[in-house]
Amino acid sequence: MSFQLNLNWPEFLANYWQKKPVVLKRAFPDFVDPITPDELAGLAMEPEVDSRLVSHKNGQWQASNGPFEHFDDLGETDWSLLAQAVNHWHAPSAELVRPFRVLPDWRLDDLMISFSVPGGGVGPHIDQYDVFIIQGMGRRRWRVGDKLPLKQHCPHPALLHCEPFTPIIDVEMEIGDILYIPPGFPHDGFTFETTLNYSVGFRGPNGRDLISSFADYALENDLGSEHYSDPDLTLREHPERVEVHELERLRTMMIEMINQPEDFNNWFGRFISTPRHELDVAPVEPPFEQSEVVNALLDGEVLTRLSGLRVLRVGDSVFINSEKLEMPDTQADALCHYTEITRETLGDGLQNPAVVAELTALINQGYWYFEE
Ligand code: SIN
Ligand code: CO
């Protein structure tokens, strides 16, 4: 299944991306749900899949995390089942993120799918990521408020709601419609029907996560072993003070560590190619021989990239799932750019034993696979 998305990207980026919410009517003109509610429920029973059930009764909210053993006592109304990173686990659903590959790969987070029965929803809330909410089966009313400071509270320890807001968008979404919401705009989905929603999410890292990850990298790689030194120290009137020029020197010490381009790129490549959700990865048993890989590609077989695997170029290097790839640029770029690899995309790579060895290792790790 492939999805045709009608979206004027230049206009969207100029006017809406990270700026304001918008409804894109019939953006997927021939939308067909890639998953059934039963299949979604099946995924929510798997321990590897992040899932949540959210329900409410007489104004009391409930939330619980999967995996779920059964869905017997849920009743007909007022609940939603949500599963994260379905693109990692369900190939037909993964097709839905493809049309968004106009946006940078490194900004993509995952595809979340929600199933709601009449009255179901997670309640009014604010997210810190950009989301394209696609309407699948059923219709759902979505309200989006302006990006204003709103009080937040937890009606249940696992739920963060915001106070009621005045909608700037109030729409009944129909199949194939998209609601785009940038970070910080409160929103709430409500339904009178049984409905599926697909959220393609994009998340930017925050400063806290960057600093903490860089600190881990510095520890692992023994960066910054030099100590503060002050051979120019003179007698001072106030020994109790840390002087401004000393603070400045300390700050410079820290900034200089981040300013080394090689370390910075090396760290960021690892950081940003690490998926936030588990991958459906399994080493190949028995492993492929290099000659089998070469022959399969020469026979015209296609290598498909594991869905959700992050393959990114950062500076001079390509990173795959937190590791640096050792491969000549042409082949490294092909692995980044194409989600399907053939002998053609590899150029003369099959004649290079180092490329073949590395490619075989990637296949045996389960990162690329030959379609059956
Ligand atoms: C949902 O699909 O019910 C929740 C999506 C969201 O609000 O982020
Ligand atoms: Co949301």
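Residues numbered from 1 in each chain as written. Chains lettered and ligands numbered in written order. Predicted model: local features only at pLDDT ≥ 70, side-chain atom pairs only at ≥ 80, totals over all residues. Heavy atoms only, no water.

(A) Seen up close, the site of ligand 1. What surrounds ligand 1 is the set Met112, Ser114, His125, Asp127, Arg140, Trp142, His187, Asn197 and Ser199. A distance of 3.2 Å is found between an oxygen atom of ligand 1 and a side-chain nitrogen or oxygen belonging to aspartate 127. Contacts to ligand 1 include arginine 140, whose side-chain N or O atom sits 3.0 Å from an oxygen atom. For ligand 1, whose unbound accessible area comes to 260 Å², protein coverage reaches 95%. Among the secondary structure elements, those contributing two or more residues to the shell around ligand 1 are β5 (108–116), β7 (140–145) and β13 (195–202). Each residue belonging to the shell around ligand 1 can be placed in one class, and the counts come to two nonpolar, five polar and two charged. (Near = heavy atom within 4 Å. Polar contact = N/O pair within 3.5 Å; in protein donor to acceptor, adjacent residues only side chain to side chain. Areas by Shrake-Rupley, 256 points an atom, 1.4 Å probe, with all protein chains shown as cover. Helix = DSSP H or I, 4+ residues; strand = E, 2+ residues; numbered from the N terminus. Nonpolar A, V, L, I, M, F, W, Y, C, P; charged D, E, K, R; others polar.)

(B) Spotlight on the coordination of the cobalt ion (ligand 2). With distances of 2.0 to 2.1 Å, the protein atoms coordinating the cobalt ion (ligand 2) are His125 (NE2), Asp127 (OD) and His187 (NE2). Considered as a linear motif, the donors of the cobalt ion (ligand 2) on their single chain read H-x1-D-x59-H. In this pair, aspartate 127 sits in the loop between β5 and β6 (130–135) while histidine 187 sits in strand β12 (residues 187–190), placing the two residues 60 residues apart along the sequence. One exposure class covers both aspartate 127 and histidine 187, and it is buried. (Donors = N, O, S within 2.8 Å, 3.2 Å for Na, K, Ca; no water. Buried < 20%, exposed > 50% of the residue type's maximum accessible area, 1.4 Å probe, protein only.)

(C) Region of interest: the sheet that holds strand β14 (residues 303–305). Strands sit in the order β18-β14-β19 across an open sheet of three strands; the sheet is antiparallel. Edge positions in the sheet fall to β18 (340–341) and β19 (368–370), since each has one partner strand and no second. Relative to β19, β14 is paired through three bridges, and the arrangement is antiparallel. Looking at the pairing, arginine 305 lines up with tryptophan 368 of β19. On the sheet, helix α8 (residues 329–337) packs against β14, β18 and β19 and is oriented at approximately 60° with respect to β14. (Pairing = 2+ DSSP bridges. Contact = heavy atoms within 4.5 Å. Axes fitted to C-alpha atoms, helices over the stretch in contact; angles between N-to-C directions.)

(D) Focus on the pattern of salt bridges. In total, this model carries 15 salt bridges according to the counting rule given. A salt bridge links arginine 139 to glutamate 172, with the shortest nitrogen-to-oxygen separation between them at 3.8 Å. Residue arginine 139 is found in the loop between β6 and β7, and its partner glutamate 172 is found in strand β10 (residues 167–173); the two are separated by 33 residues along the sequence. Judged by its relative accessible area of 36%, arginine 139 falls in the partly exposed class. Overall, the relative accessible area of 42% leaves glutamate 172 in the partly exposed class. Across the pair glutamate 248 and arginine 251 runs a salt bridge whose closest N-O atoms are separated by 3.6 Å. Here glutamate 248 and its partner arginine 251 are both found in helix α5 (residues 244–259), three residues apart, which amounts to about one turn of the helix. The exposure class of glutamate 248 is partly exposed, given its relative accessible area of 40%. Given the relative accessible area of 47%, arginine 251 is considered partly exposed. Among the charged side chains, a network of salt bridges with common partners joins Lys25, Glu174 and Asp177. (Salt bridge = Lys/Arg side-chain N within 4 Å of Asp/Glu carboxyl O.)

(E) Just the packing of aromatic side chains, in detail. One pass over the structure, following the stated rule, counts 28 aromatic pairs. Aromatic pair tryptophan 9 and phenylalanine 100: ring centres 6.2 Å apart, planes at 85°, arrangement edge-to-face. Here tryptophan 9 is found in helix α1 (residues 9–15), whereas its partner phenylalanine 100 is found in the loop between α3 (91–94) and β5, with 91 residues between them in sequence. Under the relative-accessibility criterion, tryptophan 9 is labelled buried at 11%. Clustering of aromatic rings is evident, with ring pairs tying together Phe3, Trp9, Phe12, Tyr16, Trp17, Phe28, Phe31, Phe100, Phe132, Tyr180, Tyr198 and Phe202. Arginine 107 extends its terminal NZ or CZ atom over the ring of tryptophan 106, reaching a point 5.8 Å from the ring centre. For the cation-ring pair, arginine 143 lies above phenylalanine 165, with the distance from its terminal atom to the ring centre recorded as 5.2 Å. (Phe/Tyr/Trp six-rings, centres within 6.5 Å; stacked < 30°, edge-to-face > 60°. Lys NZ or Arg CZ within 6 Å of the ring centre and 35° of its normal.)

(F) Spotlight on the sheet that holds strand β1 (residues 22–24). Read across the open sheet, the eight strands follow the order β1-β11-β6-β13-β5-β4-β2-β3; overall the sheet is antiparallel. In this open sheet, the two strands that pair with only one neighbour each are β1 and β3 (60–65). Across the sheet, the mean angle separating the axes of adjacent strands is 20° when strand polarity is ignored. For β1 and strand β11 (residues 178–181), the ladder comprises three bridges, and the chain directions are antiparallel. Bridging from a neighbouring strand, valine 22 pairs with tyrosine 180 of β11.

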